[in-house]
Amino acid sequence: MERIALLSPVCSPHLQNYPLYIRSVPTENELKFHYTVHTSLDVVDEKISAMGKALVDQRELYLGLLYPTEDYKVYGYVTNSKVKFVMVVDSSNTALRDNEIRSMFRKLHNSYTDIMCNPFYNPGDCIHSRAFDNMVTSMMMQVC
Amino acid sequence: MSRELFVLTYGALVAQLCKDYEKDEDVNKYLDRMGYGIGIRLIEDFLARSAVRKCHSYSEIADMIAQVAFKMYLGITPSVTCINKRGNKFSLILNKNPLVDFVEELPAGRSSLCYCNLLCGVIRGALEMINLAAEVTFIQDRLKGDDVTEIGITFLRKLEDKKCKKK
């Protein structure tokens, strides 16, 4: 059984890390994914601070594989506005290559930018957008 | 100038009006009023830049609005149809509307907001400066769930008969 959990916890620089959007396919064990994402945020913060000030300009947005475990692999992506995207993929899914993950994050980032441009969306609100949902669904269907 | 900046500016304007006024009717009214202020000024720019010939009928004017003015300022060309026998009511159907590029749907509790009502005011103001009174409203709006976005222009009467300057 293929399983991808796509979770996009994002945080505003002023507030605690909290998720603006979480989605997983299939939906059982959702709590486990919430937990995984939360713990992976620490790894993200570690990676960002590990880069050091000298490399901040060259820091890539894509953080790569955060940490692998038995059951799943976790990938991270951080924008320059400190918005974090986390993707959890079943370890059994070996067909997923690095550049595919990169392009998925890019699509997420682009869709997030579109949402930010909505004049009625306040930064920090949870994301309730049909276009975003559709994009995530099609992305996850492609991979599962 | 960047199109995104323009669209975001318009969005910020509408969002601020929504914060300032609770009722949708008020927001629509102020959008129309602002549009009117723009229209009475924009018409001069339009006439100077487009060098259009004299129009001899309401239908020519409606075509001019759709094919020249909309194209010049918004980059779109709505399709025009005359919707009454008298020949003074027209409908402009907008296939694309750059102003709502980033707006997916109206926010909750704002179901009768006419997001682009500024456009109605602009058209009304511009026509008034060339001595044509008109009523301009949104007949259909994609943001409200309709299939298309449709603006209705009803020409009421010429404001003065002598020495009318037609577009």
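Read on for an overview of the structure. (Residues numbered from 1 in each chain as written. Chains lettered and ligands numbered in written order. Predicted model: local features only at pLDDT ≥ 70, side-chain atom pairs only at ≥ 80, totals over all residues. Heavy atoms only, no water.)

**Observations regarding the packing of aromatic side chains**
Turning to step 1, where the next piece is worked out: According to the stated counting rule, one finds nine aromatic pairs over all chains in the structure shown.
Turning to step 2, where the next piece is worked out: Here Y77 of chain A and F105 of chain A contribute two aromatic rings whose centre-to-centre distance is 5.2 Å and whose plane-to-plane angle is 15°, an arrangement assigned as stacked. With Y77 of chain A in strand β4 (residues 72-78) and F105 of chain A in helix α2 (residues 98-116), this pair connects stretches of sequence that are 28 residues apart. F105 of chain A shares its class with Y77 of chain A; the two are buried.
Turning to step 3, where the next piece is worked out: Seen in terms of ring centroids, F90 of chain B and F155 of chain B are 5.8 Å apart; in terms of plane orientation they differ by 80°. Their pairing is edge-to-face. Taken together, the residues span a long stretch of sequence, with F90 of chain B in strand β2 (residues 89-94) and F155 of chain B in strand β4 (residues 149-158) at a distance of 65 residues. (Phe/Tyr/Trp six-rings, centres within 6.5 Å; stacked < 30°, edge-to-face > 60°. Helix = DSSP H or I, 4+ residues; strand = E, 2+ residues; numbered from the N terminus. Buried < 20%, exposed > 50% of the residue type's maximum accessible area, 1.4 Å probe, protein only.)

**What to know about the sheet that holds β2 of chain B**
All names here are of chain B.
Turning to step 1, where the next piece is worked out: Here we have four strands laid out as an open sheet, ordered β1-β2-β4-β3, and antiparallel in their pairing. The outermost strands of the open sheet, each flanked by one partner alone, are β1 (79-82) and β3 (132-140). Neighbouring strand axes in the sheet, compared pairwise and without regard to direction, differ in orientation by 25° on average.
Turning to step 2, where the next piece is worked out: Two elements, β3 and β4, share eight bridges in a ladder whose sense is antiparallel. Paired with V136 across the strands is I153, a residue of β4.
Turning to step 3, where the next piece is worked out: Strands in contact with helix α3 (residues 58-74) are β1, β2, β3 and β4; relative to β2, the strand with the most contacts, it is inclined by about 20°.
Turning to step 4, where the next piece is worked out: Sheet strands in contact with helix α4 (residues 117-129) are β3 and β4, and its direction is about 165° off that of β3. (Pairing = 2+ DSSP bridges. Axes fitted to C-alpha atoms, helices over the stretch in contact; angles between N-to-C directions. Contact = heavy atoms within 4.5 Å.)

**Points about the pairing of β1 of chain B**
Residue and element names in this part refer to chain B.
Turning to step 1, where the next piece is worked out: Pairing of β1 with β2, which is carried by four bridges, proceeds in the antiparallel orientation. Bridge pairing in β2 links V80 to L92.
Turning to step 2, where the next piece is worked out: Taken together, β1 and the strand that follows it, β2, pair antiparallel across an intervening segment of six residues, in which G87 is found at a positive phi of about 85°.

**Quick notes on the interface of chain A and chain B**
Turning to step 1, where the next piece is worked out: Each partner contributes to the interface: chain A provides nine residues, whereas chain B provides 13 residues.
Turning to step 2, where the next piece is worked out: Of all residues in chain A, C117, P119 and F120 of chain A bury the most surface against chain B, accounting for 61% of the area lost on that side.
Turning to step 3, where the next piece is worked out: Across the chain A-chain B interface, the total number found is one salt bridge.
Turning to step 4, where the next piece is worked out: At the boundary of chain A and chain B, one finds four residue pairs in polar contact (both at pLDDT 80 or more).
Turning to step 5, where the next piece is worked out: Per-element accounting of the side of chain A that touches chain B gives the leading share, three residues, to helix α3 (residues 130-143) of chain A. (Buried area = accessible area lost by both parts, 1.4 Å probe. Salt bridge = Lys/Arg side-chain N within 4 Å of Asp/Glu carboxyl O. Polar contact = N/O pair within 3.5 Å; in protein donor to acceptor, adjacent residues only side chain to side chain.)

**Some details on the side chain of N117 of chain B**
Turning to step 1, where the next piece is worked out: Residue position: N117 of chain B is located in helix α4.
Turning to step 2, where the next piece is worked out: With residues up to four places along the chain from it excluded, the contact list for N117 of chain B reads Y10, N28, L31, D32 and F138 of chain B.

**Concerning the pattern of salt bridges**
Turning to step 1, where the next piece is worked out: Applying the stated criterion across every chain, the model contains nine salt bridges over all chains.
Turning to step 2, where the next piece is worked out: For R102 of chain A, the salt bridge identified is with D98 of chain A, shortest N-O distance 3.5 Å. With R102 of chain A and D98 of chain A both in helix α2 and four residues apart, the pair spans about one turn of that helix.
Turning to step 3, where the next piece is worked out: Given the relative accessible area of 30%, R102 of chain A is considered partly exposed.
Turning to step 4, where the next piece is worked out: Between D45 of chain B and R49 of chain B there is a salt bridge whose closest N-O contact spans 3.2 Å. One end of the pair, D45 of chain B, and the other, R49 of chain B, are both in helix α2 (residues 24-50), four residues apart, so they sit about a helical turn from each other.

Don't take any of this as a statement about function, it's just geometry.
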